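An overview of the molecular structure
The lines below spell out each chain.
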Amino acid sequence: MLKQGVLDPQGEAVRHALGSLGFPGVGDVRIGKVIELDLDATDEAAARVQVDAMCRALLANPVIETYVVDIA
Amino acid sequence: MTLRAGVLVFPGSNCDRDLVVALRRAGAQVSTVWHKDAALPVGLDLVAVPGGFSFGDYLRCGAIAARAPVVRAVVAFARGGGLVLGVCNGFQVLIEAGLLPGALMRNAGLRFVCAPADLFVGTPDSPFTNGYARSETVTFPIAHHDGAYFANPETLARLEGEDRVAFRYRANPNGSCGGIAGVLSENRRVLGLMPHPERAVDPAHGGVDGGRVFAALVETAAAGALQGA
């Protein structure tokens, strides 16, 4: 997800579109992305360490984005 | 000495030839470097990273290219004082590689902007911009979808305080913080900018303002003043 304070023009455009469709009460829209990874790891903690390293190395841009890791 | 330049080529680069032509026209000796090469040609003074859509702009513009083998070599080259120029997608690659601060985000208007852009020269104090006068207005084409420069307030204050804004839009076309169109590294030897100086080097382009970037580099090399390279 984009960090708070980083302008999200796509979210703004979606917010306007929702308003024009008649959906009331939408204050702010932020658009992020979901990346699904199919890993060999069977240990949850190890997978989490591995994915966290991937986020820092490539998947997220820490200048503008935050990330959370969910293991299913 | 003749300026020796290497122009990187990634899958999806489309301004690599333009950069080669602009550099050769200014008098540089130019070779191209494929992204899978782990090392740069020996003896380069300048690495130029071209515009385009490297790796289809997947994940984030420039993100995949910034992890290519050749870019690891470019980072080492820059850390050793080498000159690096990144234009448009090349600027995005240099930011993703950590050679320049900030981020380039989707244009505030959400549209791809393709037009001549009037720019103020932010600083003539670099090997790329010493052919211009401070605050002079020049016109380079812009052509991008993700060119809104973003940095946190501390970084912006630092860039301004250290006179590292190389070019600034006269009329901000994309929502860039402070109207920033191009920034210099701390040692002033890495320049990234969204506008295309290589597309303004011939009267047939509609203007020749960009030619002075390449002329300045070539002249600095000829004067033997490219220390640190």
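Computed from a prediction, not measured in an experiment: that's the story for all the values here.

1. Some points on the overall build of chain A
Per the secondary structure count, chain A includes 2 helices and 0 strands. Relative to the globule expectation of 11 Å for 72 residues, the C-alpha radius of gyration of chain A, 16 Å, shows a markedly less compact shape. Contacts spanning at least 24 positions in sequence make up 38% of the contacts within chain A whose residues lie at least 6 apart.

2. Remarks on the interface of chain B and chain A
Interfaces are frequently sized by the accessible area removed from exposure as the parts join. Chain B puts 11 residues into the contact, and the matching count from chain A is 9 residues. Of the residues in the side of chain B that touches chain A, the class split is 6 nonpolar, 2 polar and 3 charged.

3. Quick notes on the environment of Ser135(B)
Residue and element names in this part refer to chain B. Inspection of the secondary structure assignment puts Ser-135 in the loop between strand 6 (113–121) and strand 7 (137–144). Taking the C-beta count within 10 Å as the criterion, Ser-135 has 11 such neighbours and is therefore assigned exposed. Linking Ser-135 and Gly-224, residues 89 residues apart in sequence, is a C-alpha distance of 27 Å. If sequence neighbours within four positions are ignored, Ser-135 has contacts with Phe-120 and Val-121.

4. Comments concerning helix 5 (residues 211–222) of chain B
All names here are of chain B. Under the 1.5 Å per step criterion, the end-to-end length of helix 5 is 16 Å for 12 residues, consistent within 8% with the ideal 16 Å. Residues of helix 5 that are buried in the fold lie against helix 1 (16–26), strand 3 (46–49) and strand 4 (83–87). A positive phi of about 70° marks Gly-224, the residue just after helix 5.

5. Quick look at the sheet that holds strand 3 of chain B
All names here are of chain B. Overall, mixed pairing links the 9 strands, which are arranged 2-1-3-4-11-10-9-6-7 in an open sheet. The sheet is open, and its two borders are formed by strand 2 (29–34) and strand 7, each paired with just one other strand. Shown here is a sheet whose adjacent strand axes are inclined to one another by a mean of 20°, direction ignored. Where strand 4 meets strand 11 (residues 190–193), 4 bridges bridge the pair, whose relative direction is parallel. Each residue of the ladder has a partner; that of Leu-85, found in strand 11, is Leu-191.

6. Digging into the domain arrangement of chain A
Once the domains are mapped, chain A shows domain 1 (1–32) and domain 2 (34–72). Between the C-alpha centres of domain 1 of chain A and domain 2 of chain A there is a distance of 26 Å.

7. Thoughts on the confidence of the model for chain B
Summary statistics for chain B give a mean pLDDT of 96 and a share of 99% for residues scoring 70 or more. In the predicted complex, the global pTM is 0.94; the interface-specific ipTM is 0.84.

8. Looking at the nonpolar core
Leu23(B) and Leu94(B) are the most contacted members of the largest nonpolar core, which totals 81 residues. Look past the residues within four positions of Leu23(B) in its chain and what remains in contact with it is Ala5(B), Ala28(B), Val30(B), Ala48(B) and Phe214(B).

9. Section: helix 3 (residues 89–96) of chain B
Residues and elements named next belong to chain B. Here helix 3 lies mainly inside the structure; 8 of its 8 residues are buried. Residues of helix 3 that are buried include every one of Asn-89, Gly-90, Phe-91, Gln-92, Val-93, Leu-94, Ile-95 and Glu-96, and no others. Taken together, the buried residues of helix 3 touch strand 3, helix 2 (69–79), strand 4, strand 5 (103–105) and strand 11. Once helix 3 ends, the next one or two residues include Gly-98, with phi positive near 85°.

10. Some words on the packing of helix 1 of chain B against helix 5 of chain B
All names here are of chain B. Contact geometry of helix 1 with helix 5 gives a least axis separation of 9 Å together with a crossing angle of 55°. Taken together, the axes of helix 1 and helix 5 lie oblique to each other. The two elements helix 1 and helix 5 cross, and the hand of that crossing is right-handed. Residue-level contacts link Ala-22, Leu-23 and Ala-26 of helix 1 to Gly-211, Phe-214, Ala-215 and Val-218 of helix 5. When its residues are assigned to classes, the contact of helix 1 with helix 5 shows 6 nonpolar, 1 polar and no charged.

11. A short note on the pairing of strand 9 (residues 165–169) of chain B
Residue and element names in this part refer to chain B. Across the 5 residues that make up strand 9, a large majority, 4, are buried. By the bridge criterion, 3 bridges tie strand 6 to strand 9 in an arrangement that is antiparallel. By the bridge assignment for strand 9, Phe-120 is matched with Arg-168. Taken together, the 3 bridges between strand 9 and strand 10 (residues 180–184) define a ladder with antiparallel strand orientation. Its bridge partner being in strand 10, Arg-168 is matched across the sheet by Ile-180.

12. So, unusual backbone geometry
Only a minority of non-glycine residues have a phi that is not negative, and only a minority of peptide bonds are not trans. Residues and elements named next belong to chain B. Although it is not a glycine, Phe-55 adopts a positive phi angle of roughly 50°. In this structure, Phe-55 sits in the loop between strand 3 and helix 2. Its 22 C-beta neighbours within 10 Å are what place Phe-55 among the buried residues. Positive phi outside glycine occurs at Cys-88, with the angle close to 60°. Mapped onto the secondary structure, Cys-88 falls in the loop between strand 4 and helix 3.

Scoring rules and cut-offs
- Residues numbered from 1 in each chain as written.
- Chains lettered and ligands numbered in written order.
- Predicted model: local features only at pLDDT ≥ 70, side-chain atom pairs only at ≥ 80, totals over all residues.
- Helix = DSSP H or I, 4+ residues; strand = E, 2+ residues; numbered from the N terminus.
- Rg over C-alpha atoms; globule rule 2.2 N^0.38 Å.
- Contact = placed C-beta atoms within 7 Å.
- Nonpolar A, V, L, I, M, F, W, Y, C, P; charged D, E, K, R; others polar.
- Buried ≥ 20, exposed ≤ 12 C-beta atoms within 10 Å, placed from the backbone.
- Expected span 1.5 Å × (residues − 1).
- Pairing = 2+ DSSP bridges.
- Axes fitted to C-alpha atoms, helices over the stretch in contact; angles between N-to-C directions.
- Domains from an automatic or database assignment.
- pLDDT = per-residue confidence, 0-100.
- Core = buried A, V, L, I, M, F, W, Y, C linked by C-beta atoms within 7 Å.
- Parallel < 35°, antiparallel > 145°, perpendicular 65-115°, else oblique.
- Left-handed = near helix turned anticlockwise from the far one by under 90°.

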